[in-house]
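Chain residues, written in single-letter form:
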Amino acid sequence: MLAVGLSACISRGMQQELTSCTFPDTTRTPAPSFICHQQIEGYPITRLTSAPASADVETDVSIERARLEVQHAMALEWFVTWFGDVNDDQETEAKRVILTWLNEELRVVRTRESSSGTMWLLLGIAHSEVDTQVQLRNRFAAAGVETTSR
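Residues numbered from 1 in each chain as written. Predicted model: local features only at pLDDT ≥ 70, side-chain atom pairs only at ≥ 80, totals over all residues. Heavy atoms only, no water.

Engineer: Summarise the overall build of the protein; cite the residues concerned and give the values.
Structural biologist: Within the protein one finds five helices and five strands. If you list the helices and strands of the protein from N to C, you get α-β-β-α-β-α-α-β-β-α. Residues counted as buried form 33% of the 150 residues belonging to the protein. In the protein, the share of contacts with a sequence separation of at least 24, taken over all contacts with a separation of at least 6, comes to 63%. A total of about 9,400 Å² of accessible surface is found on the protein, and carbon and sulfur atoms cover 52% of it. (Helix = DSSP H or I, 4+ residues; strand = E, 2+ residues; numbered from the N terminus. Buried < 20%, exposed > 50% of the residue type's maximum accessible area, 1.4 Å probe, protein only. Contact = heavy atoms within 4.5 Å. Areas by Shrake-Rupley, 256 points an atom, 1.4 Å probe, with all protein chains shown as cover.)

Engineer: If you had to explain the state of the cysteines to someone new, which residues and values would you point to?
Structural biologist: The tally for this structure, following the rule as stated, stands at one disulfide. Residue Cys21 pairs covalently with Cys36 via a disulfide, S to S 2.2 Å. Between Cys21 and Cys36, the S-S dihedral sits near 95°, and the bridge is therefore right-handed. Here Cys36 lies in helix H2 (residues 33-36) and Cys21 lies in the loop between helix H1 (2-19) and strand E1 (22-23), a separation of 15 residues in the sequence. (Disulfide = S-S within 2.5 Å.)

Engineer: So what's going on with the nonpolar core? Residues and values would help.
Structural biologist: With 20 residues, the main nonpolar core has Met74, Trp78, Phe83, Ile98, Leu102, Ile125 and Phe140 as its most contacted residues. Only helix H3 (59-82), helix H4 (91-105), strand E5 (119-125) and helix H5 (129-143) provide two or more residues apiece to this core. It is H3 that contributes the most residues to this core, six residues altogether. When residues no more than four places from it in sequence are discounted, the contact partners of Met74 are Ile45, Arg47, Leu102, Leu106 and Ile125. Membership of the second largest hydrophobic core comes to nine residues, among which are Cys21, Phe23, Phe34 and Val109. (Core = buried A, V, L, I, M, F, W, Y, C linked by side-chain atoms within 4.5 Å.)

Engineer: If you had to explain the side chain of Ser114 to someone new, which residues and values would you point to?
Structural biologist: Relative to the helices and strands, Ser114 is located in the loop between strand E4 (107-113) and E5. Given a relative accessible area of 4%, Ser114 falls into the buried group. Here the side chain of Ser114 touches Asp25 through a polar contact of 2.8 Å, side chain to side chain. Side-chain polar atoms of Ser114 contact the side chain of Ser116, separated by 3.0 Å. If sequence neighbours within four positions are ignored, Ser114 has contacts with Phe23, Asp25, Thr26 and Trp120. (Polar contact = N/O pair within 3.5 Å; in protein donor to acceptor, adjacent residues only side chain to side chain.)

Engineer: Can you break down H5 residue by residue, with the values?
Structural biologist: A rise of 1.5 Å per residue sets the reference length of H5, with its 15 residues, at 21 Å; its end C-alpha atoms lie 21 Å apart and thus fit the reference within 8%. When H5 is considered as a whole, its buried residues turn out to be Thr132, Leu136 and Phe140. Looking straight down H5, one finds its buried side chains confined to an arc of 75°; they lie on one side. Every exposed residue of H5 that faces more than 90 degrees away from the buried side is listed here: Val130, Asn138 and Ala142. Buried residues along H5 sit against strand E3 (45-51), H3, H4 and E5. Taken from the residues just after H5, Gly144 is the one with a positive phi, measuring 80°. (Expected span 1.5 Å × (residues − 1). Arc of directions from axis to C-beta.)

This is the structure we're talking about:
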């Protein structure tokens, strides 16, 4: 009976270890839950990214670079998936509107450094996808960007 009980404890312990959250760059180092479960209350849209460790660059500069990379990737993704109906001659202005909005709304919500020195960042937007699309279409209208789905 004692052997069965110990076996169950060991199995549970191993299962917890195998399913616990770890940093992507150091898979043996436990990480905060935001690394694996990117939902944070108040931020319906989130993205996880990293800023590599560098002795030559200040942490704040690395974080801002990583935020800007995500901002540009999101702008391109949204333009393609949400706003493919923008008139061809207004694509540049539409992308500018999206980038400006993201610059105002995209926040660094959480940060944590892994044991390898990589800074992990969770970026978030405090609006749902639907609200975000509505706000961007309103900004398009104000900027004179026309879409075919109006």
